[in-house]
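# Survey of secondary and tertiary structure
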Amino acid sequence: MVNIISDIKSFEEMFPNCLENEKRTDALIKYFKNNGVIKAYESNKSWPKLAYPDVKIIDKKLKEIKTKKDIYLKKLNDWNKKHKSATNYHSVHQLKKLKEPLYWKHNMKLLTDRDYKKDFESVNLPVHLVGDDKWKPMIKMFINDLDYRKQLSLTVRESIVYKNDKKVARYADEVNEFRIESSDKQIKDIEKKIQAMNEFETALNELKKWAKE
């Protein structure tokens, strides 16, 4: 009689002497957790004969897992790159700034223009981000446009937005911290899914051996 089984408890009840094989039992548990179903019947061996899934079906499932895992591995690689980029954001721009004429113009003005230096210190402009296209226009305006510089300095001093933090680059820091946190979360989530697929793959390979017996 062929028995249809969808959980380890039912398997144990039908074939009580088989659970001594821990490796195969563990494979069955993982297989059932992935909504797997088997058909098995008594044989003259220590384990029953596996009627379903057969080798062909198991190979198909293994192929599906590989395809899915390849997609997640690509996603993992992309998120690792984003995480690395966010983690190294400030250090990378500390190097990039050296190639920017605006950065050197800023340094010259710091040395020669006391009023400029005072405004810069009050604003705490992130000049090291001059190589970032999102910050470069603002930095350029601050360096070259006196009216803009004075208005920005006044805003930082008086606006409630900057009451507890006089750093104009605060937003850049917050965005970058969010990128690090979100990429870290995605990486952990994808790694967990890949681990689950690896375990299911191992389980299927053990069932494949069983199906061949």
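Before any of the text, the structure's been laid out above.
Bear in mind the structure is a predicted one, so any value in this text is a computation, not a measurement. (Residues numbered from 1 in each chain as written. Predicted model: local features only at pLDDT ≥ 70, side-chain atom pairs only at ≥ 80, totals over all residues. Heavy atoms only, no water.)

## Description of the overall build of the protein chain
What counts here: Numbering of helices and strands runs from the N terminus, with a helix taken as a DSSP run of H or I at least four residues long and a strand as a DSSP run of E at least two residues long. Radius of gyration here is computed from C-alpha atoms only, and the compact-globule reference equals 2.2 Å multiplied by the residue count raised to the power 0.38. Think of it in three bands: with a 1.4 Å probe and only protein chains considered, a residue is buried below 20% of the maximum accessible area for its type, exposed above 50%, and partly exposed in between. Note on contacts: a residue pair qualifies if any of its non-hydrogen atoms lie within 4.5 Å across the two residues. The accessible surface values rely on the Shrake-Rupley method and a 1.4 Å probe; as for residues, cover is taken only from the protein chains in view. Just so you know, the count uses Lys and Arg for positive and Asp and Glu for negative, and it drops His and the chain ends. Positions of charges follow a simple convention, taking NZ of Lys, CZ of Arg, CG of Asp or CD of Glu.
Scanning the protein chain from N- to C-terminus turns up 9 helices and 3 strands. When the helices and strands of the protein chain are read in sequence order from the N terminus, they spell out β-α-α-β-β-α-α-α-α-α-α-α. For a compact globule of 213 residues, the expected C-alpha radius of gyration is about 17 Å, and the protein chain comes in at 31 Å, more than 25% above that figure. Taking the principal axes of its C-alpha atoms as reference, the protein chain extends roughly 95 × 35 × 20 Å. Classification of the 213 residues of the protein chain by burial places 34% in the buried group. Partitioning the intrachain contacts of the protein chain with sequence separation of at least 6 by distance along the chain shows that 68% fall at a separation of at least 24. Within the structure as shown, the protein chain displays about 13,900 Å² of accessible surface, and the carbon and sulfur contribution to it stands at 53%. The distance from the centre of the 46 positive side-chain charges to the centre of the 34 negative ones in the protein chain is 5 Å.

## Describing the nonpolar core
What counts, and what does not: By nonpolar core is meant a set of buried Ala, Val, Leu, Ile, Met, Phe, Trp, Tyr and Cys residues that side-chain atoms within 4.5 Å join together.
Of all hydrophobic cores here, the largest spans 27 residues; its most connected members are Phe 11, Leu 28, Tyr 31, Ile 38, Leu 204 and Trp 210. Only α2 (22-33), β2 (38-41), α3 (55-87) and α9 (170-212) provide two or more residues apiece to this core. If you tally residues by element for this core, the top one is α9, at 10 residues. In terms of nonpolar packing, the next biggest core, distinct from the first, is built from 18 residues, Tyr 89, Phe 120, Ile 139 and Ile 143 among them.

Treat this as a map of the structure, not an account of what it does.
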